[in-house]
Number of protein chains: 2
Amino acid sequence: MTATDKDALVDLLGALAYGELSAFDRLAHDARRAPSLSGRAAMAGMAAVELGHHGSLIDRLRHLGADPEEAMEPFVAALDRFHAKTEPSTWHESLVKAYVGDGLAADFYREVARFVDPSTRELITEVLADSGSAAFAVREVLTATAATPSLSGRLALWGRRLVGEAISQTQHVLAERDALMTLLMSDTGDISGVGTLMTRITDNHARRMTTLGLGG
Amino acid sequence: MTATDKDALVDLLGALAYGELSAFDRLAHDARRAPSLSGRAAMAGMAAVELGHHGSLIDRLRHLGADPEEAMEPFVAALDRFHAKTEPSTWHESLVKAYVGDGLAADFYREVARFVDPSTRELITEVLADSGSAAFAVREVLTATAATPSLSGRLALWGRRLVGEAISQTQHVLAERDALMTLLMSDTGDISGVGTLMTRITDNHARRMTTLGLGG
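Residues numbered from 1 in each chain as written. Chains lettered and ligands numbered in written order. Predicted model: local features only at pLDDT ≥ 70, side-chain atom pairs only at ≥ 80, totals over all residues. Heavy atoms only, no water.

J.: How would you sum up the overall build of chain A? Please name residues and give values.
T.: A count of helical and extended segments in chain A gives 9 helices and 0 strands. Across chain A, helices and strands are ordered from the amino to the carboxyl terminus as α-α-α-α-α-α-α-α-α. By its C-alpha atoms, chain A is 55 × 35 × 30 Å across when sized along the principal axes. Intrachain contacts of chain A at a sequence separation of at least 6 include 79% that bridge at least 24 residues. Accessible surface, chain A: about 9,400 Å² in total, of which carbon and sulfur atoms supply 56%. Averaged over its 21 positive side-chain charges, chain A has a centre that lies 7 Å from the centre of its 29 negative ones. (Helix = DSSP H or I, 4+ residues; strand = E, 2+ residues; numbered from the N terminus. Contact = heavy atoms within 4.5 Å. Areas by Shrake-Rupley, 256 points an atom, 1.4 Å probe, with all protein chains shown as cover. Lys, Arg positive; Asp, Glu negative; His and termini not counted. Charge placed at Lys NZ, Arg CZ, Asp CG, Glu CD.)

Structural data, given as structure tokens:
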């Protein structure tokens, strides 16, 4: 692994680690808006799963000889900004954000997996296998839109706003992290690697919105 | 098990289950005030442990044929009031509350263990074994008061307020739940059973404040 590769790997793991810690925080916060104690516990359960991933990423960073706090630090502002700009105002918006956010995180993990060493790839595979905690969100959104069809349009717009903000904050981060940008351009040798990444992410997002009954 | 015993058991498990869910919520909220990302993750980790206990209690309630939401419902107001009246205003107050709250919960579990069937007792033993997540709070409080001795007096007062509110809300709850009160009086046949329970809890609390360097 070259020094640049190592820098990029630490950046990737740092970004994911803070992503998981901030996801814990936001899911725990949004859980409070649940209309039932079981809904509240289900969203709290998603938060706990994210925190488990955070712990695995921190262990991996330590194993690589990196300081976890230093590795996360460059990504705190962008992720906090993402959450500040996508604060749900209803329980249904919280559910859509939980499901879409979980899916976006999985997309980022999959992208990252192509660039990392075998041990880190194993960790990522484990994290990705640890899914299904967002299934309750899909069920609740489908039930709600079946009962109140007029909800769909508003939630579809909300979904677009979520992915728009995610892409915008990712671009901010990439503009500031040279090693990361170099890594993402390594497939094609130019900026088009970043473009195809964004295309893959928006395609996956569209699929997820369809799963929620909020597509096209 | 008589019908009254069963009612009391469902009450006990319901109270503990909502206690754990609200502890998750408050710890997750207080984690945000941490001065470092590792402190934030440590307190978030405590929250996740409490949520795990919540899940075990819910399973136990279901196994007993009780509706978990109904079982928790009578205790929501008292526990929410406890947290509203003990909202920490600093990170150090959050740490003291995390440690003291975890200890108070353990006390309640131990009291409860004396009254329950063997399977429920096994669950309680498991929950009590699952400790140590508050050790970071003790370390951080000891470090902080060593550096700033004037903190001790204020945090000692804070600890007294926490246990005072816990006892006051417990008494509120007992006054309204006949089956629970009957159970607690079953040792002595009169109200003095409740008095000795409170004495044991305040004694344990005093021990914990000493561990935090805030005793005497």
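J.: Provide a residue-level description of the confidence of the model for chain A, including the pertinent values.
T.: Per-residue confidence for chain A gives a mean pLDDT of 90; residues scoring 70 or more make up 97%. Interface confidence for the predicted complex, expressed as ipTM, amounts to 0.89; the pTM equals 0.91. (pLDDT = per-residue confidence, 0-100.)

J.: Account for the side chain of B:Glu20, naming residues and giving values.
T.: As for its placement among the helices and strands, B:Glu20 is situated in helix 1 (residues 3–31). No salt bridge is formed by the buried B:Glu20; the nearest opposite charge belongs to A:Arg40, separated by 11 Å. Of note is the side chain of B:Glu20, whose polar atom sits 2.5 Å from the side chain of B:Tyr109. Filtering out sequence-adjacent residues up to four positions away, B:Glu20 remains in contact with B:Glu50, B:His53, B:His54, B:Leu57, B:Tyr109 and B:Val127. (Buried < 20%, exposed > 50% of the residue type's maximum accessible area, 1.4 Å probe, protein only. Salt bridge = Lys/Arg side-chain N within 4 Å of Asp/Glu carboxyl O. Polar contact = N/O pair within 3.5 Å; in protein donor to acceptor, adjacent residues only side chain to side chain.)

J.: Go over helix 8 (residues 178–185) of chain A, please, and point to the residues and values.
T.: Of all the residues in helix 8 of chain A, the buried ones are A:Ala179, A:Leu180, A:Met181, A:Leu183 and A:Leu184. Taken together, the buried residues of helix 8 of chain A touch helix 1 (3–31), helix 3 (68–85), helix 7 (151–176) and helix 9 (192–211) of chain A.

J.: Tell me about the nonpolar core, residues and numbers included.
T.: Generally speaking, soluble globular proteins have nonpolar side chains that are buried together. The biggest cluster of nonpolar side chains holds 148 residues, and the ones touching the most others in it are A:Val96, A:Leu212, B:Val96 and B:Leu212. Setting aside residues up to four positions removed in sequence, B:Val96 forms contacts with B:Gly101, B:Val141, B:Leu155, B:Trp158, B:Leu162, B:Leu212 and B:Leu214. (Core = buried A, V, L, I, M, F, W, Y, C linked by side-chain atoms within 4.5 Å.)

J.: Any details on the relation of the copies chain B and chain A? Residues and values, ideally.
T.: For the pair chain B and chain A, the relating rotation is 180°, the translation along its axis is 0.0 Å, and the fit reaches an RMSD of 0.0 Å. Both copies are brought into coincidence by an operation consistent with a two-fold rotation axis. Within chain B, B:Ala48 has its C-alpha nearest the rotation axis, a separation of 2.6 Å. (Least-squares fit on C-alpha atoms with pLDDT ≥ 70 in both.)

J.: Any chance you could break down the pattern of salt bridges for me, citing the residues and the numbers?
T.: Side chains that carry opposite charge are capable of pairing whenever their charged atoms lie near each other. Taken as a whole, this structure holds 18 salt bridges over all chains when the rule is applied. Here B:Arg32 ties to A:Asp25 by a salt bridge, and the two come within 2.6 Å at their closest N and O atoms. Taken together, the residues span two chains, with B:Arg32 in the loop between helix 1 and helix 2 (37–63) and A:Asp25 in helix 1. For A:Asp25, a relative accessible area of 7% puts it in the buried group. Residue B:Asp107 is joined to B:Arg110 by a salt bridge in which the shortest nitrogen-to-oxygen separation is 3.4 Å. Residue B:Asp107 and its partner B:Arg110 are located together in helix 4 (residues 91–113), separated by 3 residues, close to a single helical turn. Judged by its relative accessible area of 2%, B:Asp107 falls in the buried class.

J.: For the environment of A:Tyr99, give the residues involved together with the corresponding values.
T.: Residue and element names in this part refer to chain A. With respect to the helices and strands, the residue Tyr-99 is situated in helix 4 (residues 91–113). Separated by 39 residues in the primary sequence, Tyr-99 and Val-138 place their C-alpha atoms 7.1 Å from one another. Among all residues touching Tyr-99, those that are not within four sequence positions of it are Ala-134, Ala-137, Val-138, Arg-208, Thr-211 and Leu-212.

J.: Talk me through the interface of chain B and chain A; I want residue IDs and the actual numbers.
T.: Each side of the interface is counted separately: chain B has 23 residues, and chain A has 23 residues. The junction of chain B with chain A conceals about 1,800 Å² of combined surface from both sides, 60% of it contributed by carbon and sulfur atoms. Looking at the side of chain B facing chain A, the largest losses of area belong to B:Leu37, B:Arg40 and B:Glu69, adding up to 30% of the total buried there. Connecting chain B to chain A are 2 salt bridges. Where chain B packs against chain A, one counts 8 residue pairs in polar contact (both at pLDDT 80 or more). Where the side of chain B that touches chain A is concerned, the elements lending two or more residues are helix 1, helix 2 and helix 3 (68–85) of chain B. The class makeup of the residues in the side of chain B that touches chain A is 12 nonpolar, 6 polar and 5 charged. (Buried area = accessible area lost by both parts, 1.4 Å probe. Nonpolar A, V, L, I, M, F, W, Y, C, P; charged D, E, K, R; others polar.)

J.: How would you sum up the packing of aromatic side chains? Please name residues and give values.
T.: Here a ring pair, both rings aromatic, is described through the centre-centre distance and the interplanar angle of the planes. Under the defined criterion, the tally for this structure stands at 1 aromatic pair over all chains. Each ring, one from A:Phe24 and one from B:Phe24, has its centre 5.9 Å from the other, and the planes form 70°; the classification is edge-to-face. Residue A:Phe24 is located in helix 1, and its partner B:Phe24 is located in helix 1; the two belong to separate chains. Each member of the pair, A:Phe24 as well as B:Phe24, carries the same accessibility label: buried. (Phe/Tyr/Trp six-rings, centres within 6.5 Å; stacked < 30°, edge-to-face > 60°.)

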